[in-house]
Structure formats: C-alpha cells, structure tokens
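Each chain is listed here by its residues.
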Amino acid sequence: MDILQHTFGRYQNEKVTEITLVNDNGVEVSCLTMGAIWHRFAVPENDGTKKNLLLSFDGIDDYYSNNQNICKSIGRVAGRIKGASYDLDGKHYQLPANENGNTLHGGPNGFSTLNWNYSTSISKNGISVIFQRKIDETMDGFPGNILATIIYTLNNNNRVTIAYSAMNGKEDTLFNPTCHAYFNLSDRHDLTTHEMQINSTGILDVNDQLIPTGEVLPIANTPYDFRDFSNVALAVGKVHGLDTAYVVNGPGQGTKPVAILRDRESGRQITVNSDRNGLVVYTPEEIDDQNISFSRDHGEPANKNEGIALECQMLPDAIHQDNFGDIVLPRYSKQTYRFSFTYDRIKNED
Ligand SMILES: OC[C@H]1O[C@H](O[C@H]2[C@H](O)[C@@H](O)[C@H](O)O[C@@H]2CO)[C@H](O)[C@@H](O)[C@@H]1O
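Residues numbered from 1 in each chain as written. Predicted model: local features only at pLDDT ≥ 70, side-chain atom pairs only at ≥ 80, totals over all residues. Heavy atoms only, no water.

## Brief notes about the site of the ligand
Step number 1: All residues in the neighbourhood of the ligand are listed as Asn-67, Gln-68, Asn-69, Arg-80, His-105, His-180, Leu-210, Asp-243, Val-280, Tyr-282, Glu-286 and Glu-311.
Step number 2: One of the side-chain N or O atoms of Asn-67 is found 3.1 Å from an oxygen atom in the ligand.
Step number 3: Within the side chain of Glu-286, a nitrogen or oxygen atom sits 2.8 Å from an oxygen atom of the ligand.
Step number 4: Protein contact buries 85% of the 460 Å² of open area that the ligand shows by itself.
Step number 5: Here the shell around the ligand is composed, by residue class, of 3 nonpolar, 5 polar and 4 charged. (Near = heavy atom within 4 Å. Polar contact = N/O pair within 3.5 Å; in protein donor to acceptor, adjacent residues only side chain to side chain. Areas by Shrake-Rupley, 256 points an atom, 1.4 Å probe, with all protein chains shown as cover. Nonpolar A, V, L, I, M, F, W, Y, C, P; charged D, E, K, R; others polar.)

This is the structure we're talking about:
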C-alpha cells in the first residue's frame, strides 16, 4: 500500500493538494483538498493501464466552472431544505438559500466550497486520507459550530469507504452529508451498457421545485423500477434524466447493498453499501449545455447523462418530514455516516 501527495493546482489563491491511495492490487483512489473531491477511482486493466471509473477533470477550475457538483463532498445537508428554514424546539432557523428560495446541498458555502486540511494514515484495515475543518456558523449559515471530518479509506478488497462525521458544539445543528461522485464504468461516453439494481420499492414524490411532498410512490413496473438489474440509459431516456430519491434500508432489508451498478460490456461493477435510508440517483441531463469536457472525453464535449451519481444520505428535506429520519445533531454530540463503494467484476454472466 502506498500514499502519494502532490500539488494539483491553485484555486482562489489557495494550494490544492491531490492525495492518492494505492492498494496492493494497484487500485488507486485520489482525492483533492478542495471540496474534499473524490477525484479518481482507477482500477488496473489487463493491458497494464488503469481505468478511472469517475467523471473527473484535469484542472481544479473545471470542477468549479459548472453547477453539477462533480464528485464533491456535500454538507452539512445534502438535497433541498424547503424554504431555507426550519423550526426546532420552538426556535426558527433561517439558512442561506441558493435555489428557488430553498437550500440545496449545504447552501452557497457548503462543504464543497472549502479547501480541507488533511492527514493520512496506514493501518491493517487500509489506507486513508482524513480531511478536517472547523466550520463556524458564520461560514455556512447553519446554526452551531462543528468539527467536520471526511475520511476516505481504501482497503485490499478494493472497497472505498467514506466516513463523514461531525462533532457538534453548543447548539443543535443539522447533519446529512453525501458524496456527489459520478460513475461511468464503461469505455463509452454514455451509460448505454450500464445496468443497475437498487434494493428499493419506492421513491419520493416531489413538487415542481423537487421538494418532497412526503408521499412515497411505488415503483413496480415504472422506469424507476430497478429491483432487478435493468438498463440505465433506457430508463434515463424514458424519464429525461434521473433525479430520484429511493427509499432504502427499510425494515427487513437486512444488510443487502443499497445498489449495484455494472457495465455489461466490460464487466466492471460497483457495489454500494450505506447505513442511511435514502439513495438519490442523479444523471446530469443539462450537462451538454454547459461547456463541460471530462478527462475521459479527451477534449470532446461531455454528453448529457454521461455519468450517474449514487448519493447515499438520509432522505431529502428530512427536517420537514416526520418519517424521513432524524438529521438533527444535538449539541455536544457526534454523528458518523458511512458509505462504501466496492469495485469488482461481474462474476456470473446471466
Ligand atoms: O444546477 C445544477 C443542477 O442542480 C440540480 O440538480 C441536483 C439534483 O436536483 C440533486 O438531486 C442532485 O443531488 O444534485 C444535482 C446537482 O447539484 C437541478 O435539479 C438540475 O436541473 C440542475 O442541472
């Protein structure tokens, strides 16, 4: 196992460092201090090359010249908070709004906008990069000061675990982070050979601002139905891009993965595990209007829906819904969220 570090570039006058974790199989996970971005997930190919399974950019400015949150860490709260406000214990909290009067993905000054401090560690469980920041309530507009930590760990089973934790100070706050990594496991610039299975029977109903109404819709026999492996591009085409919160890890679902994404052509496969009750699946339908070209595009413009984000989190807008789970982080307490993405290859051709 090895850990490499080098300067990736500068953003807003600050140095951005790339940290690369390499396991004994030659699998590499690279992260950037800016946005605690998951920059690369590169796996060895038979011809000696490495294949990056993420949508990535060569330069740091490219990550910040579009609004798709490419591979960024998202927090304090992923998804939308209706009306950029909430009431808790008789107190009204106003948050900064950044979309239609709502707060999306931690607002305008969320985790993705910070250049994180880092350290590294090697243990028998794997190699890690540990990002940390003290976040003052004046920085992001959420109540309370937290010490936030994001740890990426790669082990020799080719599993990447991302652990997000927040140690809270003297005021209750909200905590529901996620990872906005986009995957494309294939050698194509689209998802046509991708299949996905999601361990879920229902998705959240949303209004025209993508705020959940509180209702859970059954997905049987709709394009959103991924209970069995189903082609991703076909579903995406039918619904004009996925932006859908799946209810996962419900009672009786045991320890099954929340999702498996595989590329039928190459056999590459990612298994997603999470300890949270939501999985937001997002394909960027508007990406072809935004002058974006990923490293894998070799100078060609990106295609819409070229990748797919599998965002583990508590269900969006949980603070306004009784049955979406608890995202309140009480004062002087700590909460950790854990998601993992394991790489392997399709074993049984079915
Ligand atoms: O402005 C960029 C896009 O912002 C939204 O997309 C987000 C989506 O709604 C979330 O569920 C997902 O987690 O993150 C997406 C990117 O931030 C808009 O819905 C989309 O239309 C915009 O293109």
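## Points about the UniProt feature "binding site: beta-D-galactose" (unreviewed entry) in the chain
Step number 1: Cross-referencing UniProt, the feature "binding site: beta-D-galactose" (unreviewed entry) maps to His-180, Ala-181, Tyr-182 and Asp-243 in the present numbering. The greatest C-alpha distance among the residues just named is 14.3 Å, despite their covering 64 residues of sequence, which places them together in space.
Step number 2: Structurally, His-180 is set in the loop between strand E16 (178–179) and strand E17 (182–183).
Step number 3: Residue classification places His-180 among the buried residues on the basis of a relative accessible area of 3%.
Step number 4: Sequence-distant contacts of His-180, that is, excluding residues within four places in its chain, are made with Gln-68, Asn-69, Ile-70, Cys-71, Lys-72, Ile-74, His-105, Tyr-282, Ala-309 and Glu-311.
Step number 5: Looking at the secondary structure, you find Tyr-182 in strand E17.
Step number 6: Using a relative accessible area of 0% as the deciding quantity, one classes Tyr-182 as buried. (UniProt positions renumbered as here; feature names shortened; annotations may be inferred. Helix = DSSP H or I, 4+ residues; strand = E, 2+ residues; numbered from the N terminus. Buried < 20%, exposed > 50% of the residue type's maximum accessible area, 1.4 Å probe, protein only. Contact = heavy atoms within 4.5 Å.)

## Here we look at the pattern of salt bridges
Step number 1: Scanning the entire structure with this criterion turns up 16 salt bridges.
Step number 2: The closest approach of N and O atoms between Glu-99 and Arg-80, which form a salt bridge, is 2.5 Å. Residue Glu-99 is found in the loop between strand E9 (91–94) and strand E10 (103–104), and its partner Arg-80 is found in strand E7 (residues 80–81); the two are separated by 19 residues along the sequence.
Step number 3: The class of Glu-99 is partly exposed, set by a relative accessible area of 23%.
Step number 4: Accessibility expressed as a relative area gives 12% for Arg-80, which makes it buried.
Step number 5: Put simply, Glu-45, Lys-51, Asp-187, Arg-268 and Arg-345 are held in one network by salt bridges that share partners. (Salt bridge = Lys/Arg side-chain N within 4 Å of Asp/Glu carboxyl O.)

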